[in-house]
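Each chain, letter by letter, is given below.
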Amino acid sequence: MKRITDILCVFRIHLARLRREAGPFVLAALIFPTAMYLFAVAVSGAEEISDEKRLRFLAGSIVFSLSMTSISWLGYLLLENRFTGRLKLFATLPLAPSSYIFGVIIFALAQAALGTTTLLIVARALGVRANVSIASLSLVVLLTMLCLCGLSVSIAARARSFSEGSLLTDSLGAGLVFLAPVYYSAQAMPAALSSVSKWLPTSFAASGVQTALTGNFQAGTELLALALMTLMTLSLGFRLMRWREE
Amino acid sequence: MTTSANKSIRAQSQTSAPDVAEENVVRVRGLVKRYRDGTAANRGIDLNVRRGEVVSILGPNGAGKTTFLRQLTTELKPTSGSVEIFGVNAVAEPESAKRMMGITPQEGGVFETLTVLEHFELFARFKGLRRREARLAAFDVADELGLGAEINKRVGHLSGGQRRRILIGLALLGRPPLLILDEPTTGLDPASRQTVWKVIRHVVAEGSTVIFSTHYMEEAERLSDRIGIIESGRLAAFDTLDKLFARLERSYRVEFSDPFDPLVEKSVRYFATFAEAQEHTASEQLSEYSIARASLEDIYFALTGERFVKAEEGEGA
């Protein structure tokens, strides 16, 4: 029970931040991804864009939103906690580091739910015809977020300075999306880059989201890959996040 | 000033602390901290703190005070040696040890988007208080620290001194039996400092033990039962103020200035007796002088040698 209370308190502390300073979240999770969708549609070249392409761009924008929420924005908050002495306050308490991590992950998941739902509503208003499988989409979003949050926690725990950490989270947040074939096909990429990008979590996430947007449950490979990557990044995050210095 | 909620929590925390046969609630043995670059910040510190004591830790910047306190609070793992808090091995079981401590770190940061009340309530919940108890404790602590009027303000709108008092308040929540405060009054104005002193006296009267570091001699003198002086990573002295005074062979201080050049810094000389001090003023025909008992500052300088180093540098220049 104490553990659940601890996790919820960490969540509430960060939620207060979101309530009072919603600007960065709205920008990173909603405005940029929406703009990217419109941009992708505009430069796609075809006069009459197919539904399949629209769904691919929407899937890309959802993954972009998840990446910005979990790596750039969450990473920034975690780095700020660490380098402004707030993490020290948590470290002075009888609180397990894992409770802190779970608290911030729940915070990130709440933002992901809000961001994804809003993007789906915006897409509908823009005329995208999606037949969303809620269960499948939720599962892909959950695993994507857990995987990417593991990366932010690891960076925030090990960065040597605030500037180093924020540069890493910013470039990773955007880079993981643009290196994955989400706004363009894999064939358009150079061969060397393509062989790397197909293993990125965002590639599996985009493919899984696109499948879920067509009402299909068959995203087994993507889910399995994301689950394995989640296991790796979260294990690393839990291992690196410690209260005590050596 | 303290509600029943805080008292009941206090009773709980005290009963939850394992009974220790002896009075010592903190027991440190052979504490060594050597960093990877080879710097030895603590070089074998032994120290016992008794239940209900106020212990202050003094020392020049970089002497190892904060390193020592960070090892007590489990934030830093010792290279060797042991730390026991109420009989709990703090090195092996940091979370259990932290249940008995309220800690104010030297460089702790507050959450600017939270109000004072939210800070106190949420952190009280972390310390195991129920929702209602947490709320009562939050109001209690805010009143004790003179933050009652600011309780619904966001911390981002408060001054540096008020934020510092919030950090002290976070340590007080739940009335832990041991408080460890790293330079709690640094940056506070005189009135706020007096408020913090009052709070420390109050928690000690209720049975808590307090260990704090400071650069203010007056603070150490007024609050402490025993004073520890750390110099180059070693505990150079650890005793009551009276016993520390007894260490000085010459405990009378004559401070005098040159009547022809008042801008020159005052000179200080020490004497074993008051009569010797008077004799000196007469033989030197001093017209502007004061004779006083040596202070903690004099003991501090005698033990750390800081003033003498400065004087030598001045002479060389």
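Digging into the overall build of chain B
Then, number 1: The helix and strand inventory of chain B stands at twelve helices and 13 strands.
Then, number 2: Looking at chain B residue by residue over its 317 residues, the buried ones come to 52%.
Then, number 3: Within the structure as shown, chain B displays about 14,500 Å² of accessible surface, and the carbon and sulfur contribution to it stands at 46%.

Considerations on the packing of helix H1 (residues 2-20) of chain A against helix H3 (residues 51-83) of chain A
All names here are of chain A.
Then, number 1: At a closest axis distance of 13 Å, the pairing of H1 and H3 adopts a crossing angle of 115°. Crossing geometry of H1 relative to H3 is assigned as right-handed. Each of His14, Arg17 and Leu18 in H1 lies in contact with H3, whose residues at this interface are Trp73, Tyr76, Leu77, Glu80 and Asn81.
Then, number 2: Across the contact of H1 with H3, the residue classes break down as four nonpolar, two polar and two charged.

As for empty space enclosed by the protein
Then, number 1: By the definition in use, this model includes three cavities of 30 Å³ or more.
Then, number 2: Of the volumes computed, that of the largest cavity is approximately 60 Å³.
Then, number 3: Forming the walls of the largest cavity are A:Leu89, A:Thr92, A:Leu93, B:Met101, B:Gly102, B:Ile103, B:Phe123, B:Lys127, B:Leu170 and B:Ala171.
Then, number 4: Breaking the lining of the largest cavity down by element, the ones donating at least two residues are strand E6 (101-104) and helix H6 (160-172) of chain B.

Comments concerning the nonpolar core
Then, number 1: With 114 residues, the main nonpolar core has A:Phe90, A:Tyr100, B:Phe120, B:Phe123, B:Phe126, B:Ile166 and B:Val210 as its most contacted residues.
Then, number 2: With sequence-adjacent residues up to four places away left out, A:Phe90 is seen in contact with A:Val10, A:Ile13, A:Leu95, A:Tyr100, A:Trp243, B:Phe111, B:Phe123 and B:Phe126.
Then, number 3: If you look at the next biggest cluster of nonpolar residues, it comprises 27 residues, including B:Leu31, B:Val88, B:Met101 and B:Ile103.

Overview of the confidence of the model for chain A
Then, number 1: Confidence in the prediction of chain A, expressed as mean pLDDT, is 89, and 98% of residues score 70 or more.
Then, number 2: Predicted confidence in chain A is weakest over helix H8 (residues 191-197) of chain A, with a mean pLDDT of 85, and strongest over helix H6 (residues 134-158) of chain A, with 94.

Concerning the environment of A:Leu142
Then, number 1: Topologically, A:Leu142 is positioned in helix H6.
Then, number 2: Taking the C-alpha atoms as reference, A:Leu142 lies 22 Å from A:Arg124; in sequence the two are 18 residues apart.

Observations concerning the pairing of strand E4 (residues 80-85) of chain B
Residue and element names in this part refer to chain B.
Then, number 1: In the sheet, strand E1 (residues 24-34) pairs with E4 via five bridges, with the strands oriented antiparallel. The partner of Val26 across the bridge, within E4, is Ile85.
Then, number 2: Two strands pair when backbone bridges link them, and E4 and strand E5 (residues 88-89) are joined in this way by two bridges, in the antiparallel orientation. Opposite Ile85, over in E5, you have Val88 as the bridge partner.
Then, number 3: The loop that links E4 with its antiparallel partner E5 comprises two residues; one of these, Phe86, has a positive phi angle of about 50°.

Quick notes on the environment of B:Glu121
Residues and elements named next belong to chain B.
Then, number 1: Take Glu121: it is sitting in helix H4 (residues 116-126).
Then, number 2: Judged by its relative accessible area of 16%, Glu121 is buried.
Then, number 3: A sequence separation of 89 residues divides Glu121 from Val32, and the C-alpha atoms of the two residues are 37 Å apart.
Then, number 4: Ignoring sequence-local partners within four residues, the contact set of Glu121 consists of Ala134, Arg135 and Ala138.

A look at unusual backbone geometry
Then, number 1: For B:Glu183, which is not a glycine, the phi torsion comes out positive at approximately 45°.
Then, number 2: Assignment of secondary structure puts B:Glu183 in the loop between strand E7 (178-182) and helix H7 (190-205).

Digging into the sheet that holds strand E12 (residues 267-271) of chain B
Residue and element names in this part refer to chain B.
Then, number 1: Across the sheet, three strands lie side by side as E12-E11-E13; this open sheet has antiparallel pairing. Sheet topology places E12 and strand E13 (289-293) at the edges, where each strand pairs with a single neighbour. Each neighbouring strand pair of the sheet contributes to a mean axis angle of 20°, computed without reference to strand direction.
Then, number 2: The sheet contact formed by strand E11 (residues 252-256) and E13 spans five bridges and is antiparallel. The residue bridging Phe256 from the neighbouring strand is Tyr289, located in E13.

Quick notes on the pattern of salt bridges
Then, number 1: Considering all chains together, one arrives at 19 salt bridges over all chains under this definition.
Then, number 2: Here B:Glu144 and B:Arg175 are joined by a salt bridge, their closest N and O atoms 2.6 Å apart. With B:Glu144 in helix H5 (residues 131-144) and B:Arg175 in the loop between H6 and E7, the pair connects residues that are 31 residues apart, well separated along the chain.
Then, number 3: One network of salt bridges, with partners in common, ties together A:Arg17, A:Glu21, A:Glu80 and A:Arg86.

A few points about the confidence of the model for chain B
Residues and elements named next belong to chain B.
Then, number 1: This prediction gives chain B a mean pLDDT of 85; 88% of its residues lie at or above 70.
Then, number 2: Across residues 1-21, where pLDDT falls below 50, the model places 42 contacts with residues more than four positions away in sequence or in other chains.
Then, number 3: Taken together, the stretch residues 307-317 has pLDDT below 50 and engages in eight contacts with residues farther than four places along the chain or on a different chain.
Then, number 4: Scored as a whole, the predicted complex attains pTM 0.83, and scored at its interfaces, ipTM 0.86.

Brief notes about the sheet that holds strand E10 (residues 234-239) of chain B
Residues and elements named next belong to chain B.
Then, number 1: On the basis of which strands lie adjacent, the open sheet formed by six strands has the order E6-E7-E8-E3-E9-E10 and mixed pairing. Each having just a single partner strand, E6 and E10 make up the two edges of the open sheet. Direction aside, the axes of adjacent strands within the sheet are offset by 15° on average.
Then, number 2: Sheet analysis places strand E3 (residues 54-58) next to strand E8 (residues 209-213), joined by four bridges and oriented parallel.

About the criteria used
- Residues numbered from 1 in each chain as written.
- Chains lettered and ligands numbered in written order.
- Predicted model: local features only at pLDDT ≥ 70, side-chain atom pairs only at ≥ 80, totals over all residues.
- Heavy atoms only, no water.
- Helix = DSSP H or I, 4+ residues; strand = E, 2+ residues; numbered from the N terminus.
- Buried < 20%, exposed > 50% of the residue type's maximum accessible area, 1.4 Å probe, protein only.
- Areas by Shrake-Rupley, 256 points an atom, 1.4 Å probe, with all protein chains shown as cover.
- Axes fitted to C-alpha atoms, helices over the stretch in contact; angles between N-to-C directions.
- Left-handed = near helix turned anticlockwise from the far one by under 90°.
- Contact = heavy atoms within 4.5 Å.
- Nonpolar A, V, L, I, M, F, W, Y, C, P; charged D, E, K, R; others polar.
- 1 Å grid on protein atoms, 1.4 Å probe; cavity = no way out; pocket = protein on both sides within 12 Å on 5 of 7 lines; lining within 4 Å.
- Points joined across faces, edges and corners; volume = space filled by probe spheres on them.
- Core = buried A, V, L, I, M, F, W, Y, C linked by side-chain atoms within 4.5 Å.
- pLDDT = per-residue confidence, 0-100.
- Pairing = 2+ DSSP bridges.
- Salt bridge = Lys/Arg side-chain N within 4 Å of Asp/Glu carboxyl O.

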